[in-house]
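Listed here are the chains, written in short residue letters.
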Amino acid sequence: MIGIDFDNTVVCYDQVFHEVAAQRGWIPADIPATKDHVRDYMRRHGNEDGWTELQGYVYGPYMRNALPFPGVLDFLTSCRQRRIPVCIISHKTPYPFRGPRYGLHQAAQKWLGTRGFYDPLEAGLVPEQVNFELTKEEKLDRIGAMGCTHFIDDLPEFLSEARFPEGVERILFDPNERHSTEHRFRRAKSWTEIGEILNHGRTGRP
């Protein structure tokens, strides 16, 4: 079983964070269009509350504008064709911490449907393969309960958790190369690279 994180691993929010923050006047338009640059600018300028509120907008009503990371649908389609089991396991609160009470789980499920993840001719996922856990601890427990042999996540701090289930090969998804000095895990800059790593691992060759 290949386990996959959701936010910033399946979904790329860079353009949406920049767009919404600029619309609200929280950043200048010339800030680079990445989530990290938007967050760092807002924090440097003492707008932590705005950053928290911005996440609610982006993960809620503006999620429809987010895009899948290039190659992730192809990866999941290949897994379906080769009968390699996959699941999505994410730590996601049901509502934002600040601002309007948007349903974040519902927004994510709708996004998966509209972007082809539930299309039986593409990724072919079903809602039962998608797990949104309320806490980090529940996410760790779910990885163990699902019997994951591999887990893909964008956060090295999560992959290095002391309670991370033993025997799971951890892959760090690092598309912007923020963690180039991280050597505790296999690191991949793209979904194509993840496919190459797994093709030469325990999942077998295509």
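The following refers to the structure shown. (Residues numbered from 1 in each chain as written. Predicted model: local features only at pLDDT ≥ 70, side-chain atom pairs only at ≥ 80, totals over all residues. Heavy atoms only, no water.)

Here we come to the packing of aromatic side chains. Taken as a whole and assessed by the stated rule, the structure comprises 15 aromatic pairs. Relative to Phe-17, the ring of Tyr-13 lies with its centre 6.1 Å away and its plane at 75 degrees, an arrangement referred to as edge-to-face. Accessibility classification places Tyr-13 together with Phe-17 in one group, the buried group. Judged by centre distance (6.2 Å) and plane angle (55 degrees), the ring pair of Phe-151 and Phe-158 falls under tilted. (Phe/Tyr/Trp six-rings, centres within 6.5 Å; stacked < 30°, edge-to-face > 60°. Buried < 20%, exposed > 50% of the residue type's maximum accessible area, 1.4 Å probe, protein only.)

Moving on, we get to the nonpolar core. Residues Phe-6 and Phe-117 are the most contacted members of the largest nonpolar core, which totals 50 residues. Setting aside residues up to four positions removed in sequence, Phe-6 forms contacts with Val-11, Tyr-13, Met-63, Ile-88, Ile-89, Ser-90, Lys-92, Ala-108, Trp-111, Leu-112 and Phe-132. (Core = buried A, V, L, I, M, F, W, Y, C linked by side-chain atoms within 4.5 Å. Contact = heavy atoms within 4.5 Å.)

Turning our attention to the side chain of Arg-39. Relative to the helices and strands, Arg-39 is located in helix H2 (residues 35-44). Arg-39 sits in the buried class, given a relative accessible area of 17%. Ignoring any residue separated from it by four or fewer positions in sequence, one finds Arg-39 in contact with Trp-51 and Arg-178. (Helix = DSSP H or I, 4+ residues; strand = E, 2+ residues; numbered from the N terminus.)

This part is about the sheet that holds strand E6 (residues 150-153). One open sheet accounts for six strands, arranged E5-E4-E1-E6-E7-E8; its pairing is parallel. Each of the sheet's edge strands pairs with one partner strand only, and the pair in question is strand E5 (130-133) and strand E8 (186-188). Pairwise comparison of adjacent strand axes, ignoring direction, gives a mean angle of 25 degrees for this sheet. Across the face of the sheet, helix H4 (residues 72-81) comes into contact with strand E1 (2-4) and strand E4 (86-91) while running at roughly 155 degrees to E1. (Pairing = 2+ DSSP bridges. Axes fitted to C-alpha atoms, helices over the stretch in contact; angles between N-to-C directions.)

Right, let's talk about the environment of Tyr-62 for a bit. Checked against the element boundaries, Tyr-62 lands in the loop between helix H3 (48-59) and strand E3 (67-68). Ignoring any residue separated from it by four or fewer positions in sequence, one finds Tyr-62 in contact with Val-16, Val-20, Gln-23, Arg-24 and Tyr-57.

A separate point is the packing of H2 against H3. Put simply, H2 and H3 touch, their axes get as near as 8 Å, and they point 150 degrees apart. It follows from the interaxial angle that H2 and H3 lie roughly antiparallel. Crossing of H2 against H3: the hand is right-handed. Across from Lys-35, Val-38, Arg-39, Met-42 and Arg-43 in H2, the residues of H3 making contact are Glu-48, Gly-50, Trp-51, Leu-54 and Tyr-59. Class assignment for the residues of the contact of H2 with H3 results in five nonpolar, one polar and four charged. (Parallel < 35°, antiparallel > 145°, perpendicular 65-115°, else oblique. Left-handed = near helix turned anticlockwise from the far one by under 90°. Nonpolar A, V, L, I, M, F, W, Y, C, P; charged D, E, K, R; others polar.)

Functional significance is not addressed by these values, which are geometric in nature.
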